[in-house]
Structure formats: C-alpha cells, structure tokens
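Chain by chain, the residues:
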Amino acid sequence: MKFAFYFFIIAQILNFLGVSAEKVTKDTSEFYPIKWEKVRENDQKPLKKIIWKSYKDDKSYFERTNLKKNAKKNLEKTQEASTWRNRTLRFSFEEIDMPDAGEKMGLYSIGAYDQLNPSFYGGITLYGAATGRRGGFFTGGYTLGVERQLFDNLIFDAGAYVGAGGGGAAAQGGGLMIRPHIGLKYDFTWSELGLNYTYIDFPYGDISSDAIALSLDIPFSSLTFNLEDDGLTVADYFGVDWSNVSRHRSHLAARVRAYSPASGSKTTSGGVLNNSLGLVGVEYAYFLDDNWFTTFETAGALSGGVGGYAELLAGIGYRLPLTKNDRLALLPALTIGGAGGGGVDTAGGFVTRANIGLEYRLSSDLSLIMDGGYLTAPDGNFDTSYLGLNLAYVMEIFAQDQKGAPLRKTDPVKTIKWRFRPAHQWYFDAQRKGGSSRDMQLLGGKIDWMGGDWWYLTGQGLSAYGGGAGGYSEGHWGVGILGPTWKNLRLYGEMLIGAGGGGGVDSGSALLFKPSIGLEYNLNKDLSLQTGIGKVISKEGNLDANTFEASLVWRFGTPK
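Here's what I pulled together on the structure shown here. Computed from a predicted structure; not experimentally measured.

Observations regarding the nonpolar core
Part 1 of the reasoning: In this structure, Tyr259, Val306, Tyr309, Leu375 and Phe382 are the most contacted members of the largest nonpolar core, which totals 16 residues.
Part 2 of the reasoning: Those elements that provide at least two residues to this core are strand S13 (277–287), strand S14 (292–303), strand S19 (366–377) and strand S20 (382–399).
Part 3 of the reasoning: Excluding residues that lie within four positions of it along the chain, Leu375 makes contacts with Tyr259, Tyr309, Glu311, Leu313, Val351, Thr352, Arg353, Phe382, Asp383 and Thr384.
Part 4 of the reasoning: Listed in part, the 14 residues of the second largest apolar core include Met98, Met105, Phe137 and Tyr161.

As for a nonpolar patch on the surface
Part 1 of the reasoning: The grouping of Val256, Leu320, Leu322, Leu358, Tyr360, Leu362, Leu366, Leu368, Met370, Leu389 and Leu391 at the surface amounts to a nonpolar patch, some 890 Å² of accessible area in total.
Part 2 of the reasoning: Secondary structure elements with two or more residues in the nonpolar patch: strand S18 (350–361), S19 and S20.
Part 3 of the reasoning: Mapped onto the elements, Leu366 comes out in strand S19.
Part 4 of the reasoning: A relative accessible area of 33% means that Leu366 is categorised as partly exposed.

What to know about the packing of aromatic side chains
Part 1 of the reasoning: Applying the stated rule across the entire model yields twelve aromatic pairs.
Part 2 of the reasoning: Note on Tyr113 and Tyr121: the rings are 5.5 Å apart at their centroids and 45° apart in plane angle, and the pair reads as tilted. No difference in accessibility class separates Tyr113 from Tyr121, as the two residues are buried.
Part 3 of the reasoning: Between Tyr127 and Tyr161, the aromatic rings sit 4.9 Å apart at their centres with planes inclined by 70°, giving edge-to-face as the arrangement. Linking Tyr127 in strand S5 (residues 120–131) with Tyr161 in strand S7 (residues 154–166), this pair joins segments that are 34 residues apart in sequence. Across this residue pair, the class does not change: Tyr127 and Tyr161 are buried.

Observations regarding unusual backbone geometry
Part 1 of the reasoning: Positioned with a positive phi, Asp326 is a non-glycine residue whose angle comes to about 65°.
Part 2 of the reasoning: Within the secondary structure, Asp326 sits in the loop between strand S16 (320–321) and strand S17 (328–340).
Part 3 of the reasoning: With relative accessibility at 26%, the residue Asp326 sits in the partly exposed group.
Part 4 of the reasoning: Here the phi dihedral of Asp429 falls at roughly 55°; this positive angle occurs in a residue that is not glycine.
Part 5 of the reasoning: Structurally, Asp429 is set in strand S23 (residues 415–431).

With respect to the pattern of salt bridges
Part 1 of the reasoning: Scanning all chains against the criterion turns up 32 salt bridges.
Part 2 of the reasoning: Here Arg85 and Asp114 are joined by a salt bridge, their closest N and O atoms 3.2 Å apart. A residue pair is termed long-range when its members are at least 10 positions apart, and Arg85 in strand S3 (residues 82–97) and Asp114 in strand S4 (residues 104–115) qualify at 29 residues.
Part 3 of the reasoning: In this structure, Glu283 and Arg255 form a salt bridge, with 3.4 Å as the shortest nitrogen-oxygen distance. You can see Glu283 sitting in strand S13 and its partner Arg255 sitting in strand S12 (residues 246–261), a full 28 residues away along the chain.
Part 4 of the reasoning: If you follow the salt bridges from partner to partner, you end up with Arg90, Glu147, Asp157, Lys185, Glu192 and Asp217 in one network.

Remarks on the pairing of strand S27 (residues 489–501)
Part 1 of the reasoning: Examined bridge by bridge, strand S26 (residues 473–482) and S27 share ten bridges and lie antiparallel to one another. Bridged to Ile481 within S27 is Gly493.
Part 2 of the reasoning: What sits between the antiparallel neighbours S26 and S27 is a turn of six residues, in which Lys487 has the positive phi angle 55°.
Part 3 of the reasoning: As paired strands, S27 and strand S28 (residues 511–522) are joined by eleven bridges and run antiparallel to one another. In the strand pairing of S28, Ile497 is matched with Phe513.

Cut-offs used in this document
- Residues numbered from 1 in each chain as written.
- Predicted model: local features only at pLDDT ≥ 70, side-chain atom pairs only at ≥ 80, totals over all residues.
- Heavy atoms only, no water.
- Core = buried A, V, L, I, M, F, W, Y, C linked by side-chain atoms within 4.5 Å.
- Buried < 20%, exposed > 50% of the residue type's maximum accessible area, 1.4 Å probe, protein only.
- Helix = DSSP H or I, 4+ residues; strand = E, 2+ residues; numbered from the N terminus.
- Contact = heavy atoms within 4.5 Å.
- Patch = residues over 30% accessible without salt bridge, like charges linked within 9 Å, V, L, I, M, F, W, Y side chains within 5 Å.
- Areas by Shrake-Rupley, 256 points an atom, 1.4 Å probe, with all protein chains shown as cover.
- Salt bridge = Lys/Arg side-chain N within 4 Å of Asp/Glu carboxyl O.
- Phe/Tyr/Trp six-rings, centres within 6.5 Å; stacked < 30°, edge-to-face > 60°.
- Pairing = 2+ DSSP bridges.

Structural data, given as structure tokens:
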C-alpha cells in the first residue's frame, strides 16, 4: 500500500495548522487610562506638602493597578508556558522526465514546515503523481531549507528533501528519493509564490531529472506548550492579549470506507474492476471560522484485491448545524488530490471527489460521522460511489484572530500531550512474491496521543528505501504501553494493525499485524531515544519477518 507517512503527516498538520499568520499587538495603556490632579492635604494649612491622589478618589485605580501587575506576571508565565511558532504550509507542482523516452510525470506536494530560526526551516513533505501514467506514485520524507530576504518582497530559498516511496510501476529502485531545490519567492504578505530549479534523483533506481517547480507558501503560527504547565486560565496563557485570540475547532478522524466501482472502471492491465473495495484511513479538518473548514485526508485499500491502492486528498467543506444544541450537522465537502496503485487505472493519478457527511456529537470530544460520495479519475478509468463511517476526536485550537469562538479570561486551558517519532526500521528476510526473501530498510514516522502516563494511541507510516522494495509502504493504527521509569530507562510495548503493500513484497490482501517491544532512554524532558524488536505479519500473504527499529522521540503539547 503506497501511502508513506500518511498518518503522521496529517497529525503533524494537526499541530501546525491551527492558526493564521496575523500578528496582533495592543498597547496595554489603552485598557487602563489614568487621570491625575494635584490636591492639597489640608486647605487650611497651605504650607503642607503636596501629595498625589487618584482622580476623584477613584479607588478602582488601585484595583486596576493590581490587575496590571497580575497581568504582567501572567504574561511572564505565558512566555514560559507557551510560544507562538512561525510555520508554513507549502504546495508545489513540477513535471519530471521519466526513463521511458517522451514520458513525463507531474508531481504535486504538500509540506508543513517549522521556522527553526530566522534563516532555517524544516519539516515533512509528501509527493504524489498527478499527471502522466503513474497514478499511485507517492513518497514521503523530510525537508530542510534556508531562506534569506534579498529585497522588500523577494526571498532567496534553497533546500533539500530526503524521503522514500514509489509505486505506479515506476523505476524507483529501492525507493530512496533525493530532491534539492534553489529559487526565489515573492512575498504577497498572506502568501509567498515561488519559482525553483529542482533535481529529483532515485539513487537506487532509474529516475533522475531536473525540473522547474512552482510553489505556494501559506504562513501561519501555532502554539507549542510546556507539558508541565496544564490547567492555566486564558489570562494566564495569553496575558493582556487574550482578547486577540479565539478558539477554532478541528478534528482528527479514523475512517473506514466501502467503494463500489462503477461499470467501466478498469485495472491498469485492462481488466474489469467490479469488486467492492474496503479502505481505511485518517482525516484532519481545521475550521477557518464557525462553519467553513479545510480537510486533509488519506486512505488505503485493505480488501478487494487492490492492495497498494492509496489516496491523498485535500479540500474545503461547510458544517451546517441541524439542531440548536449542535448535536447534529451536515458536512458537504469537495476535495482533489492523487490516487492510484494496486492496479487501479487512475492514469496520472489526479482524482476529484464530492461527498456529504452527517455528524452526531457523542460528547464534547467525540463525533460519529457517516458519509457518502462519489470519486472520479478524469483521465483514467476509475469512478466509484462510496459509503463511510468516521470516528472523530474533536479539538479546539487557539488562533491569533477573531474568526473563531471568543474567549473568556477565566476559561481553563488544558494541554493535549503528543509524541512525534521519526523512525528507521529494518525487516529481516522479508518475503517477496515469487518465494524469495531479502532484508529491507524503511523510513517513516509515528504520532502518539498520550492517554496517560503509561498508555497511548498511535498512528504510523513507513516506506521502503532500501532492499529492492521501492514502492512498498504501510500505515498502522494501534495502542502502546509504557513501563515505569528507572534511571531514565523504561520499557514499552505496541500492538498495531494496518495495511501495507507494493514493491514486490508478499503482503497478500494488505492486512498486517505488527507487535513490538523495546527500550526508551530519556535524554531530557522533551526528547528520548528508542530501540525495539518485533514482527510484521501478513494475514493472507507470506510476509512474516522479524523487525528492528530505532526512533527519536519528541514530546510536545497542543492546547485543548
């Protein structure tokens, strides 16, 4: 299943996408104007000294003074507890030459980057095929770049991407992809439009091409929190600027879907595609205001004989409440993106979809969403209606604007605890189609929601970059437990279920089970190192391999 890093890229956007780039400051003196006059302590004794007294004996001045002192203390506490970080959401498109004479492939990308300092940025990026005939080609990885302002609106930008993936029967070899870029961006304040020279190379394959890429950067800011500070009030967190912040809804949803391909849908070999397809995936939605929302979603095939089929979509929707208590709502949406793999004929990979959902709020934190829609590949031979069921974890994110729900000074602010784990894994003697076995190496990431000090829910995605399995990718959901800490060491264990396929690996229908145990060493309150051993087992295929992994653990918080 060719969807590298889908679970963690959506969850990282959960952390990044919360807020706009608008920076608002306010002079606190506007809130507390004070008027003074000179008065004599005793009119009958004019030679007595002059003292200062609040205007018209306004005793509330002293209360306001105390409030100002408290606000200053709260602001200092805020600076320790939370930080607004500058970040960027980047979209790009480029067309590269393929090994076959005259063949080209159009690649789109979605990236989320953190401004590490005034010059350097870094983050995660996902690439997918949108034009050509390699639908289902995806890679995911990490980008590091540098930018410098040359003139008022002109910015120099250079960087490099390293990732893994493949698919679409492309000549990606082992799957390792390297992409340096250099170019210029023009700053329009709300966005930056870039033009870059890029070079895409698969060192273990036959794809090697330069290209001209067009990019669109959308700046935003979001909060990172100190995990030790929880339960403060809005005033504690934001000080005197609390009135310039609002709450925006977002949700992260686990989903299952049943596709019913229309007549005329075909496989890449020309066969009829008439089997029902089962898909699992994840979606992240961020609300721009009370109703309009953006959505990023992915899914991969779990049944139907198309192991390796995957989707990455983005779009916009509208939430229409149906009841006064907001328990029921309609969610129509339009999305576009890339899809393919598993022998499904999506041609170049570009797909569009229209759907509508019915949401039922189970609680303030959970929603059940039933949805249906229609997806089509305009250049291919794949059209399908579908029905889906989604379990959504609902969150509220602070934004530096007035477009969301207003805050009150005394509202409590809670912290959701997360972990992000860049990971490297080795599969030993991984079974291949045809009966052979060979070691393979994978690169990916994991995102954990901490349910407590000893357990967590996790979403994980990895793609092969070595071992001749380019195009193999997998995604998992699961649960993990943590043992007690002893001298900065603690044991952990995980049980995962998900899907994987591609790259000639014998994963059968794509359903995988992945148990593991390991040891974690705490470097400090934010970072740890992990090593672990485990198994990856295919339900219907012959894949049954021992695994070893090494991961870096980064702990962070987001507001709730």
